[in-house]
Amino acid sequence: MKKNKTIGRITLYILLIAASILMLIPFYWMVISSLKLNKDVFSVPMKWIPDAFHFENYQIIWEKLPLLQFFKNTSKLTVITTVIQLFTSCFAAYGFAKMKFAGRNLIFLIYVTTIAVPWQVYMVPQFTMMSKFGLTNSHLGLILLQSFSAFGVFLIRQFYISIPEELCEAARIDGLSEYGIFAKVVFPLGKSAMATLVIFTFVNVWNDFMGPLIYLDSTNLKTIQLGIRMFISQYGADYAWVMAASVCSLIPVVIIFIFCQRYFVEGVAASGIKG
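An account of the accompanying structure is given in this report. Keep in mind it's a predicted model, so treat the numbers as computed, not measured. (Residues numbered from 1 in each chain as written. Predicted model: local features only at pLDDT ≥ 70, side-chain atom pairs only at ≥ 80, totals over all residues. Heavy atoms only, no water.)

## Notes on the pattern of salt bridges
Here is the rule: The term salt bridge refers to a side-chain nitrogen of Lys or Arg lying within 4 Å of a carboxyl oxygen of Asp or Glu. Helical segments are the DSSP runs of H or I of at least four residues, strand segments are the runs of E of at least two, and each set is numbered from the N terminus. Each residue is assigned to one of three classes by its accessible area relative to the maximum for its type, calculated with a 1.4 Å probe on protein chains only: buried under 20%, partly exposed between the two thresholds, exposed over 50%.
Taken as a whole, this structure holds six salt bridges when the rule is applied. In this structure, K98 engages E165 in a salt bridge whose closest nitrogen and oxygen atoms are separated by 3.5 Å. Highlighted residues: K98 in helix 3 (residues 67–98) and E165 in helix 8 (residues 165–173), separated in sequence by 67 residues. A residue is classified by how much of its surface remains accessible, and E165, at 26% relative accessible area, is partly exposed.

Pasting the structure below:
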């Protein structure tokens, strides 16, 4: 029995290591390609270790395009949107999880159902509406469009449901208002779920391409994803520079995940608890 468990555990570890290697191969290819000459990126057979490492690619990309401005714009949009979405999602989730009012479950069901509606369905009317408001070609328009998230509300609500109702009742007996219960009891207990939402929101906004492509025209307002696209022209593409810029754009996402990963698994697991 013990021997079978050992063999099973070893087999599981081997499978996990193999799966991890398969997932890391595209990232390795991206990093290696960023250190090659453009003509060698798609060479056949592929060289997993180039003959020479061209670190100057990382210097060239900053000289060819205003990437620093693009990084500032992307950071601005991502941080502001993440903070607003975190606040709105937590606030709405508390109402749906801990407050009782007529039609609560129906309203929540309708709201969550909007997750299933593809953005492409309402992309044109949304753009028309924002144009009439004069919010195209501005960061404010993109921030407002992403300030509310049905997925975020669902994620946080599922976590709040797992918080014992007795804590809220005790706080009410002590004289706390609903705002006080949210701020002093429920909100501090939701760190793991909030960290999970921060990761999802940060990654989605940072990597968003279609939104900025549709709404932003001015070069000084564009994001890093649109900046990377500038290395691809009508008649060719500088793929080595594209890969170098992609590696740079990946760094903030990795940093955020490193800081929040300790809460990530716990948040996903806790958010799956059914009330």
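## Here's the deal with the layout of surface pockets
For the record, the criterion: Residues are said to line a cavity or pocket when one of their atoms sits within 4 Å of a point; the points come from a 1 Å grid over protein atoms alone, cavities being sets where a 1.4 Å probe fits but cannot get out and pockets being open sets with protein on both sides within 12 Å along at least five of seven lines. Grid points are joined across faces, edges and corners, and a volume is the space filled by probe spheres set on the points. Amino acid classes used here: Ala, Val, Leu, Ile, Met, Phe, Trp, Tyr, Cys and Pro are nonpolar; Asp, Glu, Lys and Arg are charged; the rest, including Gly, are polar.
Put simply, the largest pocket is a space of about 970 Å³. Mapped by element, the contributors of at least two residues to the lining of the largest pocket are helix 5 (119–132), helix 6 (139–145), helix 7 (150–161), helix 10 (191–206) and helix 11 (210–215). In terms of residue class, the lining of the largest pocket is built from 18 nonpolar, eight polar and one charged.

## Details of the packing of helix 3 against helix 7
Basically, it comes down to this: Every axis in this analysis is a line fitted to C-alpha atoms, fitted for helices over the stretch in contact. Angles between the N-to-C directions lie between 0 and 180 degrees. Here is the rule for angles: anything less than 35 degrees is roughly parallel, anything more than 145 is roughly antiparallel, 65 through 115 is roughly perpendicular, and the remaining ranges are oblique. Left-handed describes a crossing whose near helix is turned anticlockwise from the far helix through less than a right angle; right-handed describes the clockwise counterpart. The contact definition used throughout considers only heavy atoms, calling two residues in contact when any of these lie within 4.5 Å.
At a minimum axis separation of 8 Å, helix 3 and helix 7 run at an interaxial angle of 50°. The angle between helix 3 and helix 7 falls in the class oblique. In this structure, helix 3 crosses over helix 7, and the sense of that crossing is right-handed. Every residue of helix 7 that contacts helix 3 at S89, C90, A92, A93, Y94, F96, A97 and K98 is listed here: G152, V153, I156, R157, Y160 and I161. In terms of residue class, the contact of helix 3 with helix 7 is built from ten nonpolar, two polar and two charged.

## Some thoughts on the packing of aromatic side chains
Aromatic rings in a pair are described by how distant their centres are and how their planes are angled relative to each other. Using the following cut-off: Between 30 and 60 degrees the pair is tilted, below 30 it is stacked and above 60 it is edge-to-face, where a pair is any two Phe, Tyr or Trp rings, Trp via its six-membered ring, whose centres lie within 6.5 Å.
Counting across every chain of the model gives 18 aromatic pairs. Seen in terms of ring centroids, F91 and F182 are 5.2 Å apart; in terms of plane orientation they differ by 90°. Their pairing is edge-to-face. One end of the pair, F91, is in helix 3; the other, F182, is in helix 9 (residues 178–189), with 91 residues separating them in the sequence. Ring plane angle 55° and centroid distance 5.2 Å describe the contact between F96 and F108, whose orientation is recorded as tilted.

## Some remarks on empty space enclosed by the protein
Summed over all chains, the structure comprises one cavity of 30 Å³ or more. Along the walls of the largest cavity sit L77, L142, Q146, V205, D208, P212 and T223, which together make up its complete lining. Of the residues belonging to the lining of the largest cavity, the class tally is four nonpolar, two polar and one charged.

## Comments concerning a nonpolar patch on the surface
Our working definition: Nonpolar side chains (Val, Leu, Ile, Met, Phe, Trp, Tyr) within 5 Å and like charges within 9 Å form the patches, drawn only from residues with over 30% relative accessible area and no salt bridge. Working definition of accessibility: Shrake-Rupley area with a 1.4 Å probe, residue cover restricted to the visible protein chains.
A surface patch of nonpolar side chains, about 1,300 Å² in accessible area, is lined by L12, Y13, L16, I17, I21, L22, I25, Y28, W48, I49, F53 and F55. Checked against the element boundaries, I21 lands in helix 1 (residues 2–33). I21 sits in the partly exposed class, given a relative accessible area of 48%.

## Concerning the environment of Y111
Topologically, Y111 is positioned in helix 4 (residues 104–113). In the structure, Y111 is positioned 105 residues away from T6 in sequence and 48 Å away in space, judged by C-alpha atoms. Ignoring anything within four residues of it in the chain, the contact list for Y111 reads F96, F148, S149, A150 and V153.

## Some remarks on unusual backbone geometry
Phi angles above zero are rare outside glycine, and N137 is one such case at about 55°. Overall, the relative accessible area of 27% leaves N137 in the partly exposed class.

## Here we look at the side chain of H139
For H139, the location among the structural elements is in helix 6. If we skip the residues at most four places from it in the chain, H139 touches N73, K76, L77, L216 and L221.

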